[in-house]
Amino acid sequence: MSQALQISEEAMTGLEVATRDLRLAEAKRIDHLARGFRALPPGKMPERAYLAEAALIFGCSEHRVKSLLGLALTLSDEYIDTAGLVRDARLTLRHAEVITDAGRVITNITAAGCDDAAIAHPREQQRIAEARRKEYEQAVLPHALELTPNRLAPVAKRLAEQWAVEPIEERQAREAARRRVAVVPLDDGMAELRAYMPAVQAYGLFDHLTRIGKAAKRKTIQAPPIPGVRTTAGSAEPAPELGEAPAADDTRGLDQIRVGALYDLLSRDPFDAAAIASGTSGSGLQGRVQLVVTAEGFEALVTKHGGTVMRDTAYDPGAVKCALKGYGPIGIDSARPLIASQTRWDVVTVCKHTGSVIRTDSYRPNRAQVRFVSARDEHCRHPGCMAPVYRSEIDHTIDAALGGPTATDNLAHLCLMHHILKGESDWTVVQGEGGVLVWTSPTGRTYVERPPDLLPELTSVQADAAAPWPEAGQDRQAANPAQRSHVRFEADDDDQSGSADGNHPF
Ligand SMILES: [Zn+2]
């Protein structure tokens, strides 16, 4: 072993020990915080006095201490197993926060959707909420142990939704009525322009800005169709450039270009007054988003003459009909205009038992492998990386020059940074069945990286299959997403010729 590698190895071991110590200390800290809080005399004042001092010792704001206290109480009262894993340093506080935040949709037991008997008896309500929470916790923990908090968040949301008291469709319909744009004044001559809007729109717009920004940076900018501006087909007139006019040597970062593009797009005239007046604006979303829908959701989306989506008002544990990748469950109504606005989609059928992709159907037969691998990977496949597939490249796990075949079990998406890391550092990777990658670091540690749909759901189902549902008559099997077939919508990018590796100009 070279000296450099040996020092590197020692550093990694040191990091592991220190990280474990930190996690243990973090867990101990919130335990102390909760214990002291529980012993306080009743009243608001003792509580405030306690938190003020705790904030001084923590060296953070009272607001942060309050949220840590909330987490500590929730963990010890409602998420016992999660608390145990935090205490054992196997999960971080951030994981615990993601789990309990997503679980909030379960606790609101008095909301619409639960049965009358439960509403009549507070104690019964509490019992049902506890049972649902427990089911959710058992389902989410295997994921938490494998995923970084960022990757866990959408998974946790999707799982929690199955035990939610009020379905996402109803919650989103209510919240959508509160949509708004606001200006928040900040310091140093700056302000924030915020829009509270359906997640599909927000993610789509952000993706649109990102692609404009990336193209501007690569100097390959060709103005995409501008929302609200109808260009005549076959027009020879060059499209105007977007964003601030890029200087010869553009040193702006992606964030800065996004702001330029946002400003430019929003200040363009003429806007489509008719669309805005009729409330149909926004249906021609330019950015790319990915939706995963169940068979039931698929029916609801493609039914052209559909009205509202029919849904049982009774508690339905298998209720996640539509999820936005990278975000989590969304109301299916908010996805419908998006589907209607696109002319081409990939429909990906996923195995209902393993979650792996078994078939891709599209209106054009080419690029089948790209479709397959894009559907399987969803993001860069270096452990923890969330760069989406359309900002990643398809890498031959075993280099084609070394005889690696161009086959789906030898292809995986890597973002540019991790592509370079794989090619030019001592990180190595082996691909196994189902697209599972096993990464080995320069110091010899291995990290298993599964495609997003191949998480250990089946194991958890088998482990707790004996546990009964809180209510009789519920189909236990239907509750687990791994047991339900689902299909995925994905915008077709075929019109980007010369981008067969998924590296699109936009
Ligand atoms: Zn990456």
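In what follows, the structure referred to is the one given above.
Conventions adopted
- Residues numbered from 1 in each chain as written.
- Predicted model: local features only at pLDDT ≥ 70, side-chain atom pairs only at ≥ 80, totals over all residues.
- Axes fitted to C-alpha atoms, helices over the stretch in contact; angles between N-to-C directions.
- Helix = DSSP H or I, 4+ residues; strand = E, 2+ residues; numbered from the N terminus.
- Parallel < 35°, antiparallel > 145°, perpendicular 65-115°, else oblique.
- Left-handed = near helix turned anticlockwise from the far one by under 90°.
- Contact = placed C-beta atoms within 7 Å.
- Nonpolar A, V, L, I, M, F, W, Y, C, P; charged D, E, K, R; others polar.
- Pairing = 2+ DSSP bridges.

Visitor: How should the packing of helix α5 (residues 93-102) against helix α9 (residues 149-161) be read in this particular structure?
Guide: The description of two packed helices rests on the angle between their axes and on the distance between the axes. Here α5 crosses α9 at 25°, and the two axes come no closer than 8 Å. When the axes of α5 and α9 are compared, the pair comes out roughly parallel. As for the relative orientation of α5 and α9, their crossing is right-handed in sense. Taken together, the residues of α9 that come into contact with α5 (itself represented by Arg94, His95, Val98, Ile99 and Ala102) are Pro149, Leu152, Ala153, Ala156, Lys157 and Ala160. When grouped by side-chain class, the residues that make up the contact of α5 with α9 number 8 nonpolar, 1 polar and 2 charged.

Visitor: What is the right way to read the packing of helix α2 (residues 44-58) against helix α3 (residues 62-78) from this model?
Guide: Relative orientation of the contacting elements α2 and α3 amounts to 100°, with a least axis distance of 9 Å. Judged by the angle between their axes, α2 and α3 are roughly perpendicular. Residues Leu51, Ala52, Ala54, Ala55 and Phe58 of α2 form the contact with α3, whose participating residues are Glu62, Val65 and Lys66.

Visitor: I would appreciate a short explanation of the sheet that holds strand β10 (residues 428-431) in the present structure.
Guide: In a beta sheet, neighbouring strands pair by backbone hydrogen bonds and run either parallel or antiparallel. Taken together, 3 strands build an open sheet; the order of strands is β10-β11-β12 and the sheet is antiparallel. Two strands close off the open sheet at either side, each with one partner strand: β10 and β12 (446-449). Strand-to-strand twist in this sheet, taken as the mean axis angle between neighbours without regard to direction, amounts to 20°. For strand β11 (residues 437-440) and β12, the ladder comprises 4 bridges, and the chain directions are antiparallel. Counterpart to Trp439 in the pairing with β12 is Tyr447.

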